[in-house]
Amino acid sequence: MPRYGQIVVGPPGSGKSTYCNGLQQYLSQIGRRTLVVNFDPANDANTLPYPCVFNVITELVSLSTVQNQYGLGPNGGLLWAMEYMEKEVEFIMDKIESNIKAYEFESASTSPQADAASTPDNSDVYLLFDFPGQIELFTHNTCVQNIIAKFIKRDYRLAGVQLIDAHHCSDTSKFIAAVMVATTSMIRLELPMINVLSKIDMITQYGDLAFNLDFFTEVSDLKKMLQYLDCPFGALTNEANNADKEKRDGWDISTDEKYMAARLAVKNSPFQKRYKKLHEQFCEIIDDYDLVSFVPLNISDAASVGRVVASVDKANGYVFGVNEMQEFNKKGESSSSLNHMFKVAAAAEMVGSVHEQVSEVEQKYMGGKIFKDRIEELEHEFEHANPLVNVMSEVDNEDEDVDEN
């Protein structure tokens, strides 16, 4: 029986451990027994917020031990630890499976469905792999890629979840760099990947955005951001550059002629021109690959977490349902029944994807300033532009015809 799970990656501080903890609680509440595997040797073993079925720090290797024993720095020590994990990956996989079989879940389950669907050997347990975030592990080394490949050979159905902090949307250079990191991870890991803008509830704390949120989630035509490349962090819009917001300790920057002249000189300097040209090349690379889009996430919002789970389940195949597929095979149902299931799965991601993922976030966390007057217009365009929206109603009509006959 295949085992499903997620490979959670992202830069340090993007919220990987918080995501694993919150998602483990969410999935347990909806009846999916879930455990976390800590693959980050740099984590603090004593402060992990989630129940851990395998902790690489206590079971195999820790960053602090490597640093002390070999005199390495944090990056070199982490690279050594991950390469050691690659060599011992067979031991790690065997240990994970033995720990899962021996793991005792709480008998007082909050979901009767979880108790009914559970298996004695815990073969239905869903796994979250918490990986370290150093980009060198993906760009300069193949250890993470090789570890994941070994798990896939053992029939692990995995999808990657790349977390990017939403505050990068307030800085042109950081956002372009974050998209480059996401593109690199998708290419190197060779996994179906869901990119997530984490901490979306804090996005307004870093200043106004230059564009609507859908510009950042769809990652289309990034060159439009280059006009704000020299803007201060959190001040991407022209309104944000007014005199009121450029006062520092009573000093009105906009009225200081020398300061403004110096700022203009920097903007027109040869370095700044080369800097802008470099980012133009980055944007061309991103547009050429056209791989990245983002799902906004607030880990404390159940609806937001549910949308991420739906996207990941479709990516790793969990949406089609292990138990449902087995029932179909046992009953010998016709291919039309399978087609029915696939239609529903395909429609599940499409329905509400425009206004739920974008306008709801705008309404909740950004004051609804942008999409408030356009929601009905967007819904109308979406219904006419995407025929899959009507799949659910067609399936329901087919079911009614069958019942009548």
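One can find the structure itself at the top, above this paragraph.
What you see is a predicted model; the values in this text were computed from it and never measured. (Residues numbered from 1 in each chain as written. Predicted model: local features only at pLDDT ≥ 70, side-chain atom pairs only at ≥ 80, totals over all residues. Heavy atoms only, no water.)

Peer 1: Explanation requested: the pattern of salt bridges in the structure shown.
Peer 2: For side chains of opposite charge, pairing can occur when their charged atoms come near one another. With the rule as written, the count across this model stands at 8 salt bridges. Here Glu-90 makes a salt bridge to Arg-154, at a shortest N to O gap of 3.0 Å. Note that Glu-90 is positioned in helix α5 (residues 89-102) and Arg-154 in the loop between α8 (143-153) and β5 (156-165), a separation of 64 residues in sequence. A residue is classified by how much of its surface remains accessible, and Glu-90, at 37% relative accessible area, is partly exposed. (Salt bridge = Lys/Arg side-chain N within 4 Å of Asp/Glu carboxyl O. Helix = DSSP H or I, 4+ residues; strand = E, 2+ residues; numbered from the N terminus. Buried < 20%, exposed > 50% of the residue type's maximum accessible area, 1.4 Å probe, protein only.)

Peer 1: Where do I start with helix α9 (residues 172-189) in this structure?
Peer 2: In an α-helix, one turn spans 3.6 residues, which is why side chains three or four residues apart end up on the same side. Given a rise of 1.5 Å per residue, 18 residues ought to cover 26 Å, and the 26 Å separating the end C-alpha atoms of α9 matches this to within 8%. Glu-190 occupies a position one or two residues after α9 and carries a positive phi of about 55 degrees. (Expected span 1.5 Å × (residues − 1).)

Peer 1: Can you walk me through the packing of α5 against α8 in this structure?
Peer 2: A pair of packed helices is captured by two measures, namely the crossing angle of their axes and the spacing between those axes. Packing of α5 against α8 brings their axes to within 10 Å, and their N-to-C directions diverge by 50 degrees. The orientation of α5 with respect to α8, classified from their angle, is oblique. Crossing hand, α5 versus α8: right-handed. On α8, the residues that touch Val-89, Glu-90, Ile-92, Met-93 and Ile-96 of α5 are Ile-147, Lys-150 and Phe-151. Grouping the constituent residues of the contact of α5 with α8 by class yields 6 nonpolar, no polar and 2 charged. (Axes fitted to C-alpha atoms, helices over the stretch in contact; angles between N-to-C directions. Parallel < 35°, antiparallel > 145°, perpendicular 65-115°, else oblique. Left-handed = near helix turned anticlockwise from the far one by under 90°. Contact = heavy atoms within 4.5 Å. Nonpolar A, V, L, I, M, F, W, Y, C, P; charged D, E, K, R; others polar.)

Peer 1: Even after reading the chapter, I still don't get the environment of Ile-203, so can you show me in this structure?
Peer 2: With respect to the helices and strands, the residue Ile-203 is situated in the loop between β6 (193-198) and α10 (213-218). Taking the C-alpha atoms as reference, Ile-203 lies 7.9 Å from Cys-169; in sequence the two are 34 residues apart.

Peer 1: What is the right way to look at the nonpolar core in this model?
Peer 2: Nonpolar side chains in soluble globular proteins tend to be buried together. By size, the foremost hydrophobic cluster in this structure holds 66 residues, and its most contacted members are Phe-39, Ile-96, Leu-127, Phe-129 and Phe-151. No other element matches the 8 residues that α9 contributes to this core. Those residues in contact with Ile-96 that sit more than four places away from it in its chain are Val-37, Phe-39, Phe-54, Leu-127, Phe-129, Phe-151 and Tyr-156. Membership of the second largest hydrophobic core comes to 22 residues, among which are Tyr-19, Ile-194, Val-308 and Val-312. (Core = buried A, V, L, I, M, F, W, Y, C linked by side-chain atoms within 4.5 Å.)

Peer 1: I'm lost on unusual backbone geometry in this one. Help?
Peer 2: The general pattern is negative phi for most residues beyond glycine and trans for most peptide bonds. Here Val-219, not a glycine, exhibits a phi torsion of approximately 50 degrees, which is positive. Within the secondary structure layout, Val-219 lies in the loop between α10 and β7 (247-248). Overall, Val-219 belongs to the buried group, its relative accessible area being 4%. Its identity is not glycine, yet Asp-221 carries a phi of approximately 55 degrees, on the positive side.

Peer 1: Help me out: how do you make sense of a nonpolar patch on the surface in this one?
Peer 2: A contiguous nonpolar patch, built from Ile-187, Ile-285, Tyr-289 and Leu-291 and spanning about 340 Å² of accessible area, is present on the exposed surface. As for its position among the elements, Ile-285 is in helix α12 (residues 270-289). (Patch = residues over 30% accessible without salt bridge, like charges linked within 9 Å, V, L, I, M, F, W, Y side chains within 5 Å. Areas by Shrake-Rupley, 256 points an atom, 1.4 Å probe, with all protein chains shown as cover.)

Peer 1: Got a minute to help me understand the side chain of Asp-165 in this structure?
Peer 2: Relative to the assigned elements, Asp-165 resides in strand β5. You can call Asp-165 buried: its relative accessible area is 10%. At a separation of 3.2 Å, a polar atom in the side chain of Asp-165 contacts the side chain of Lys-199. Beyond its immediate stretch of four places on either side in the chain, Asp-165 contacts Gly-13, Ser-14, Leu-197, Ser-198 and Lys-199. (Polar contact = N/O pair within 3.5 Å; in protein donor to acceptor, adjacent residues only side chain to side chain.)

Peer 1: Can you help me understand the side chain of Asn-21 in this one?
Peer 2: Inspection of the secondary structure puts Asn-21 in helix α1 (residues 16-29). According to the relative accessible area criterion, Asn-21 is buried, its value standing at 17%. At a separation of 3.1 Å, a polar atom in the side chain of Asn-21 contacts the side chain of Gln-25. The residues contacting Asn-21, other than those within four sequence positions of it, are Pro-49 and Tyr-50.

Peer 1: Is there a simple way to think about the pairing of β6 in this case?
Peer 2: The side chains of a regular strand alternate, first on one face of the sheet and then on the other. Within β6, 6 of the 6 residues are buried, which leaves it mostly tucked inside the rest of the structure. Of the two faces of β6, the one holding Met-193, Asn-195 and Leu-197 and the one holding Ile-194, Val-196 and Ser-198 are both buried throughout. Examined bridge by bridge, β5 and β6 share 6 bridges and lie parallel to one another. Opposite Ile-164, over in β6, you have Leu-197 as the bridge partner. Following the backbone out of β5, through α9 and into the adjacent parallel β6, one traces a crossover that is right-handed. Direction of pairing for β6 relative to strand β9 (residues 294-296): parallel, over a ladder of 3 bridges. In the strand pairing of β9, Asn-195 is matched with Phe-294. (Pairing = 2+ DSSP bridges. Right-handed = clockwise from strand over helix to strand, strands pointing away.)

Nothing here speaks to function; it is geometry throughout.
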